[in-house]
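Geometric and topological summary
These are the residues of each chain, in order.
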Amino acid sequence: MEDKKKTNKKFLVILIALIAVGGGYGGYKYIHSQAHETTDDAQVENNMNPIIPRVSGYITKVYAEDNKTVKKGDTLFIIDDKDYIVRVEEAKAALAAAEGSYEAAKADVGGAAAGVSVSNANIASSQGNIEAAKVRVWRANNDYDRYKNLYANRSITKQQFEQADAAKREAEANLKVLQQAEAASKSQRNASVSRSNVSSKQTEVAKANIENANSALTAAELSLSYTVVTAAVDGQLSAVDIQPGQLVQPGQSLFYIINSEQPWVVANFKETQLTKMVPGQKVTIEADAFPGVEFEGTVSSFSPATGARFSLLPPDNATGNFVKTVQRLPVKITFTDKNDKEKVKLLRPGMNVEVDVHLK
């Protein structure tokens, strides 16, 4: 009987201890939950810059290696540039031809302008000669009228009258010749003006051709520069699956540069956990890869929609049988400057972490 009583006492003590521990732990978890929200559905994220060639061609040299650390501007690989050098030379030749056409067009403008000036001078000379001829016609007409009256009175001989008539006819004929010469000079001037206008337009076209040739040369030189593919940022390379002789195309994603300088965490909290969460709250982060090491972060922002809405086939509750499911909302968490930067760099995209958001 005494052994049975002792056993009952031990059981009672153990039961009381378990109840005390369970109650204490439950009370701690309840108090903790009032000031914290936690989740283990969280991963490290980072910028993954894809290496995408901007021109097509065959790879001649590869400097990139798997997992290699590179700096911004480091050469990753080189594309065969022979075709692009030819295009640059062709663009230079086209530019030289356009510049030659422009100089020829300018010379035509000068010649046309000189032709207009000569025509204007000829017109001015013709107009002066016409005025002088008009004076001679006027005098010849007066002489003719006078000699005509004298001849009628038999005061002069017929020969003298005929001389006056001939002088009149000659003056009138000379006036017509000068007037026709003036008309010809005006036509020539109009032709010269038209030629000058055409030459001016040709000059504008030639100038535009120079601009087009310059643009083509710039584009050709730019394409040539794209044959040397360099790192756009500092970081670490992913697996490099390229080799010399391989044909690459513009827009083809070949491998990645992972920028390890500024990682962040995306934590997927249940919608029921977001009630008291706001940007700026302190976050404690623990990575599965580094047990016992705590990182400090802050709540940065909330996703505009739940993760399900961004899936390839988002759920449509208006179809089929509806089952209410608690949704999760991605929350971005950034690391603060208080963390050891070298340890932060060790965090790789996709690593699992646990986050604890301090609500108060």
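This text gives an overview of the structure that appears in the document. (Residues numbered from 1 in each chain as written. Predicted model: local features only at pLDDT ≥ 70, side-chain atom pairs only at ≥ 80, totals over all residues. Heavy atoms only, no water.)

1. Describing the overall build of the chain
Operational definition: The helix count covers DSSP runs of H or I at least four residues long, the strand count covers runs of E at least two residues long, and both are numbered beginning at the N terminus. Areas reported as accessible are Shrake-Rupley estimates using a 1.4 Å probe. Residue values count occlusion only from the protein chains shown.
The helix and strand inventory of the chain stands at four helices and twelve strands. Counting only carbon and sulfur atoms, one obtains 53% of the accessible surface of the chain, whose full area is about 23,300 Å².

2. Comments concerning the pairing of strand 9 (residues 282-287)
Filter applied, for reference: One requirement defines pairing of two strands: DSSP has to find at least two bridges between them.
In this structure, strand 9 lies alongside strand 10 (residues 294-302), joined through five bridges in antiparallel fashion. Counterpart to Val 283 in the pairing with strand 10 is Gly 297. Pairing of strand 9 with strand 12 (residues 352-358) involves five bridges; the strand directions are antiparallel. Looking at the pairing, Ile 285 lines up with Val 355 of strand 12.

3. Here we look at the sheet that holds strand 5 (residues 228-230)
Read across the sheet, four strands follow the order 5-4-2-7 without closing on themselves; strand pairing throughout is antiparallel. The open sheet has two edge strands, strand 5 and strand 7 (247-248), and neither has a second partner. Examined bridge by bridge, strand 2 (residues 57-62) and strand 7 share two bridges and lie antiparallel to one another. Bridging from a neighbouring strand, Tyr 58 pairs with Leu 247 of strand 7.

4. Brief notes about the pairing of strand 4 (residues 75-79)
The pairing of strand 2 with strand 4 spans three bridges and is classified as antiparallel. Note on strand 4: the bridge partner recorded for Ile 59 is Ile 79. Inspection of the sheet shows strand 4 paired to strand 5 by three bridges, in the antiparallel sense. Bridging across to strand 5, Phe 77 finds its partner in Val 229.

5. Re the layout of surface pockets
Condition: In this analysis the probe radius is 1.4 Å and the grid spacing 1 Å, with only protein atoms considered; a cavity is a set of points the probe fits into but cannot get out of, a pocket is an open set with protein on both sides within 12 Å along at least five of seven lines, and lining residues have an atom within 4 Å of a point. Grid points are joined across faces, edges and corners, and a volume is the space filled by probe spheres set on the points. Each residue is assigned to one of three groups, with Ala, Val, Leu, Ile, Met, Phe, Trp, Tyr, Cys and Pro labelled nonpolar, Asp, Glu, Lys and Arg labelled charged, and all others, Gly among them, labelled polar.
Of the volumes computed, that of the largest pocket is approximately 310 Å³. Across the lining of the largest pocket, the residue classes break down as four nonpolar, four polar and five charged.

6. Notes on the side chain of Thr 39
Formally: Accessible area is worked out with a 1.4 Å probe on protein chains only. A residue is then buried under 20% of its type maximum, exposed over 50%, and partly exposed in between. Polar contacts here mean pairs of N or O atoms no more than 3.5 Å apart (in protein, one a potential hydrogen donor and the other a potential acceptor; neighbouring residues in sequence count only if both atoms are side-chain atoms).
With respect to the helices, strands and loops of the structure, Thr 39 is situated in strand 1 (residues 36-51). Relative accessible area serves as the criterion here: at 8%, Thr 39 is assigned to the buried category. Separated by 3.1 Å, the side chain of Thr 39 and the backbone nitrogen of Asp 41 make a polar contact.

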